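Structural overview for review
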2 protein chains.
Amino acid sequence: MSEVTKPGGMRAIARDAVRARISEVAVDLFDEQGFDNVTVEQIAAAVGVSPRSVHRYFPAKEDTVIGDPAGWGEHVRDQLASRPSEEPIWDALLASYEALLLSPSRNEAQGRKAMRVLGSTPALRARNLEKHLLWARLLTPIVAERLEGNYRELRAEAIVQASLACFDIALTAWAEADAVESSVELLRRSFGALQPTA
Amino acid sequence: MSEVTKPGGMRAIARDAVRARISEVAVDLFDEQGFDNVTVEQIAAAVGVSPRSVHRYFPAKEDTVIGDPAGWGEHVRDQLASRPSEEPIWDALLASYEALLLSPSRNEAQGRKAMRVLGSTPALRARNLEKHLLWARLLTPIVAERLEGNYRELRAEAIVQASLACFDIALTAWAEADAVESSVELLRRSFGALQPTA
DNA sequence: CCTGATCTGTCTGTCTCTGACACTTGTGGC
DNA sequence: GCCACAAGTGTCAGAGACAGACAGATCAGG
């Protein structure tokens, strides 16, 4: 990830900063006025750039809230791959998601607000689930490797998608105003719902 | 559902027929040329109506493939509600989805083609997941009623979403060209993946 | 200071989707 | 059979998201 600032890395830093700024402003506006009632033009004006530039940073308006799906997905994949192969698959998945939630670069307040906005609009909910499909493609091969018996692929997909659903539910519940539990605790509870025997 | 053709029902019949026709033509075009390479104008021309009318029947282009989510969702909900309350929740959910798959009004070939198109484009996958969210809102209260203990709501959501993931995985696998199993069989297998003990 | 890569703004265009209005066509009452 | 009314449709106009093209600005490295 961080390689002592690659040559010419100054521009990359600036780019990331602008990107983050646009995302922040956009989420704030969505939170105040609703996703559909805010145009890209308004976001651009609030940030101080042209609408065209906003689209250069984010191919779709929804992406200003979702962020970069691939990066975090690979993070989870790497976590899962580094788990011992004897570990029960559900435990390994749970641990991988937990590692993501405990990742330091996540801002608490901003994350919660983004989650709240995310749950407020069908279009955003859908995009978010699309992100999960991307993650699923990364995780399924690893899970399939650790299964035995027939229909490994199909079963692996079911397990991965179910776990992602738990992940999403936990984060959604966490974003609610009255949630006092930590996100990790909620994650464990939702995982537990699928394993009455454990 | 069918009430011997309500007074003024002739128009409703015509409406449904046009609706089905647009959907059929659209799916065919998408299958041939790709979802993004077909404009609403082309679909309208192929059917013989104005583009405005296509949007009157389907609020979004994606809906020509997805169909009417609410209708089928209510179908599943009613099935689930009519299940005996002692039945294990996973069995009840499985039976409800099976009833939907065995519903007579589903055309085999057309359904498979729609499923294939559906998996080919991010925008369509997203809409499909949105449909699942709608279903989840219908099913979760019923499931929550049948649970005991704490965190009923959270656990019900996890169970419902996981089961929907299984449903989706089964249908996706079924749409694959080399799938020989019936959709019901695939559904049972994906359900089984989450219950190693059963 | 110069050169080339990168970023940005502006212009232009396409496509989806919506509202408003007028026109046509069935439906049901008389 | 005729007529008023509702429903469906086409045409027009417009907002908004996004992409391509191009010119100018900016900044790294020689």
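1. Some remarks on the interface of chain A and chain B
Counting residues at the interface gives 29 residues for chain A, matched by 26 residues for chain B. Surface buried jointly by chain A and chain B totals about 2,500 Å² across both partners, of which 74% is contributed by carbon and sulfur atoms. Three residues, Tyr 151, Leu 154 and Ile 169 of chain A, lead the burial of chain A against chain B; their summed loss comes to 23% of the area buried on that side. For the pair chain A and chain B, the number of links is zero salt bridges. Between the two partners, chain A and chain B, sit four residue pairs in polar contact (both at pLDDT 80 or more). Those elements that place two or more of their residues in the side of chain A that touches chain B are α8 (122–145), α9 (152–175) and α10 (183–193) of chain A. The leading source of residues in the side of chain A that touches chain B is α9 of chain A, at 12 residues. Across the side of chain A that touches chain B, the residue classes break down as 18 nonpolar, three polar and eight charged.

2. Here's the deal with the protein's contact with DNA strand D
If you check the shell around DNA strand D, you find 18 residues, and the closest are Arg 52 and Lys 61 of chain A together with Ser 50, Ser 53 and Arg 56 of chain B. When atoms of DNA strand D within 4 Å of the protein are sorted by moiety, sugar and phosphate together comprise 55%. Take Ser 50 of chain B: an N or O atom from its side chain is 2.7 Å from a phosphate oxygen of DNA strand D. One of the side-chain N or O atoms of Ser 53 of chain B is found 2.5 Å from a phosphate oxygen in DNA strand D. For the surface near DNA strand D, the secondary structure elements donating two or more residues are α3 (51–57) of chain A together with α1 (9–33) and α3 (51–57) of chain B. The element contributing the most residues to the surface near DNA strand D is α3 of chain B, with four residues. Looking at the surface near DNA strand D, its residues break down into six nonpolar, five polar and seven charged.

3. Things to note about the environment of Glu 86 of chain A
Positionally, Glu 86 of chain A belongs in the loop between α5 (69–81) and α6 (89–101). Expressed as a C-alpha distance, the spacing of Glu 86 of chain A and Arg 146 of chain A, which sit 60 residues apart in the sequence, is 8.4 Å.

4. Points about empty space enclosed by the protein
Under the definition given, this model contains one cavity of 30 Å³ or more. Of the volumes computed, that of the largest cavity is approximately 230 Å³. Lining the largest cavity are 14 residues, with Leu 129 and Gln 161 of chain A together with Leu 129, Gln 161 and Ala 165 of chain B sitting closest to its centre. Contributions of two or more residues to the lining of the largest cavity are made by α8 and α9 of chain A together with α8 (122–145) and α9 (152–175) of chain B.

5. Digging into helix α5 (residues 69–81) of chain B
The periodicity of an α-helix, 3.6 residues per turn, causes residues three or four places apart in sequence to face the same way. Residues and elements named next belong to chain B. Taking 1.5 Å per residue as the helical rise, α5 with its 13 residues ought to reach 18 Å, and the 18 Å between its terminal C-alpha atoms agrees with that figure. Turning to α5, its buried residues are Gly 73, Val 76 and Leu 80. Taken down its axis, α5 places every buried residue within 60° of arc, on the same side.

6. Some points on the packing of α8 of chain A against α9 of chain A
Residue and element names in this part refer to chain A. Taken N-terminus to C-terminus, the directions of α8 and α9 make an angle of 135°; their axes are 8 Å apart at the nearest point. Between α8 and α9, the crossing angle belongs to the class labelled oblique. As for how α8 packs across α9, the hand of that crossing is right-handed. Where α8 abuts α9, its residues Arg 125, Asn 128, Leu 129, His 132, Leu 133, Trp 135, Ala 136, Leu 139, Thr 140, Val 143 and Ala 144 lie against Arg 152, Glu 153, Ala 156, Glu 157, Ile 159, Val 160, Gln 161, Leu 164, Phe 167, Asp 168 and Thr 172. Taken together, the residues of the contact of α8 with α9 break down into 12 nonpolar, five polar and five charged.

7. Here's the deal with the relation of the copies chain A and chain B
Between chain A and chain B, which share one sequence, the superposing operator has a rotation angle of 179° and an axial displacement of 0.3 Å; the RMSD is 0.2 Å. Such a turn and shift between the copies fits a two-fold axis. In terms of proximity to the rotation axis, the leading residue of chain A is Ala 162 of chain A, whose C-alpha is 2.2 Å off the axis. Looking at chain A, 90% of its interface residues are interface residues in chain B too, so the copies touch through the same face.

Calculation rules
- Residues numbered from 1 in each chain as written.
- Chains lettered and ligands numbered in written order.
- Predicted model: local features only at pLDDT ≥ 70, side-chain atom pairs only at ≥ 80, totals over all residues.
- Heavy atoms only, no water.
- Contact = heavy atoms within 4.5 Å.
- Buried area = accessible area lost by both parts, 1.4 Å probe.
- Salt bridge = Lys/Arg side-chain N within 4 Å of Asp/Glu carboxyl O.
- Polar contact = N/O pair within 3.5 Å; in protein donor to acceptor, adjacent residues only side chain to side chain.
- Helix = DSSP H or I, 4+ residues; strand = E, 2+ residues; numbered from the N terminus.
- Nonpolar A, V, L, I, M, F, W, Y, C, P; charged D, E, K, R; others polar.
- Near = heavy atom within 4 Å.
- 1 Å grid on protein atoms, 1.4 Å probe; cavity = no way out; pocket = protein on both sides within 12 Å on 5 of 7 lines; lining within 4 Å.
- Points joined across faces, edges and corners; volume = space filled by probe spheres on them.
- Expected span 1.5 Å × (residues − 1).
- Buried < 20%, exposed > 50% of the residue type's maximum accessible area, 1.4 Å probe, protein only.
- Arc of directions from axis to C-beta.
- Axes fitted to C-alpha atoms, helices over the stretch in contact; angles between N-to-C directions.
- Parallel < 35°, antiparallel > 145°, perpendicular 65-115°, else oblique.
- Left-handed = near helix turned anticlockwise from the far one by under 90°.
- Least-squares fit on C-alpha atoms with pLDDT ≥ 70 in both.

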